[in-house]
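Commentary on secondary and tertiary structure
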Amino acid sequence: MRNTAVRSVAIFAAFALSAVAAFAQGAPQTDYAHMTMKVDKLADNFYTVTGMNGSGRTGGAIGVLTGPDGIFIVDASFGALTGKILAAVKTFSNEPIKFLVNTHPHGDHTGGNANLAKMGVTILGRPEMRVDLMAQKGFDQAGVPTVIFTSPLTLHMDGDEAVIIPVPPAHTDADSMVYFRKADVLMIGDFFRAGYPNVGGTVDGMIRALGMAIGACGPNTKVVPGHGPVMNRADIIAHRDMLMTVRDRVSELIKQGKNEDDAVAAHPTASYDPIFLSGIAQFYDENTIVRYRNGDAFIKQVYENLKPKS
Ligand SMILES: [Zn+2]
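The structure reproduced in this document is the subject of the present report. The structure presented is a predicted model; accordingly, all values stated were derived computationally and were not measured. (Residues numbered from 1 in each chain as written. Predicted model: local features only at pLDDT ≥ 70, side-chain atom pairs only at ≥ 80, totals over all residues. Heavy atoms only, no water.)

**A short note on the coordination of the zinc ion**
Donor atoms from the polypeptide that coordinate the zinc ion comprise His104 (NE2), His106 (ND1), His171 (NE2) and Asp190 (OD), at 2.3 Å from the metal. Look at where the donors of the zinc ion fall in the sequence and you get H-x1-H-x64-H-x18-D. Of the two residues, histidine 171 is situated in the loop between strand E9 (160-166) and strand E10 (176-180) and aspartate 190 in the loop between strand E11 (185-189) and helix H6 (203-216); the sequence distance between them amounts to 19 residues. Residue aspartate 190 is classed as buried on the basis of its relative accessible area, which comes to 3%. (Donors = N, O, S within 2.8 Å, 3.2 Å for Na, K, Ca; no water. Helix = DSSP H or I, 4+ residues; strand = E, 2+ residues; numbered from the N terminus. Buried < 20%, exposed > 50% of the residue type's maximum accessible area, 1.4 Å probe, protein only.)

See the structure below:
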């Protein structure tokens, strides 16, 4: 009897540990089969396609410029969703997809690259994108960019002028944004969104990238982040102001000799929480919302980025 009890405790402990590990990795697993695609028309010939998982959004938002010259698509979401994405595009266009560019190398934006490349789509990318994707474990090499740009690249097609703009290290070391001049839409990827940012590049790079986005936008530009609601130029300005202030507050804490835990405990985002955390739950699925419950993950990233390197 005692052995059984001990064993069931051990099994429970193992289960609890694996549950914790799965939680840390962002589980539950995405249920692609039951996801639906939401189509939004933002301009005469510009649409976004977003994966919906229950009430939340999953996968990066996709931008689609269509017209007689064929389709230019921004981001490719997960590979398992390519069929659903193509079916969603078919609801508003029968044109072939000609070009694809990714806003950054994360799998929820590039997983579908190889599927599209095998259909004859040409993939454009900055050199860092090519390097990152080639190094990604398990990434189908058919999906790496073959046409490389190192400064802004303009596509004149479908009566619009699409400018792909590489930016300094922000969310990753390979972020680009795409501004569609006639549609007046900025596909900004993941270096800007509602709530606190995810700084995988550098804080100063993100501040400079946001500055470039503010410069590219007009007052009515629809700014489409990879995740969450469509925003505007004023939202980017407020976001950059927040980031600069939090950067200054964290550097001050570092100057005072505070360690990372102390810096988090000092809660340098406090004055922004009412705005930056309000309503966040409605914009993201439960996998993503974990890191947005408070500003702690963001403060840790800023601290790690600014602390003196030994
Ligand atoms: Zn990302």
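**Brief notes about unusual backbone geometry**
With a phi angle near 75°, aspartate 75 is a residue other than glycine that sits in the positive phi range. Relative to the elements of secondary structure, aspartate 75 occurs in the loop between strand E4 (71-74) and helix H2 (82-90). Judged by relative accessible area, which is 1%, aspartate 75 ranks as buried. Positive phi is not limited to glycine here, since serine 77 has a value of about 50°.

**Considerations on the sheet that holds strand E8 (residues 153-157)**
Reading across the sheet, the five strands line up as E8-E9-E10-E11-E12 and stay open at both edges, with mixed pairing between neighbours. What marks the edges here is a single partner per strand, and that holds for E8 and strand E12 (222-225). For this sheet, the mean inter-axis angle between neighbouring strands, taken without regard to orientation, is 15°. Here E11 pairs with E12 via four bridges, running parallel. (Pairing = 2+ DSSP bridges. Axes fitted to C-alpha atoms, helices over the stretch in contact; angles between N-to-C directions.)

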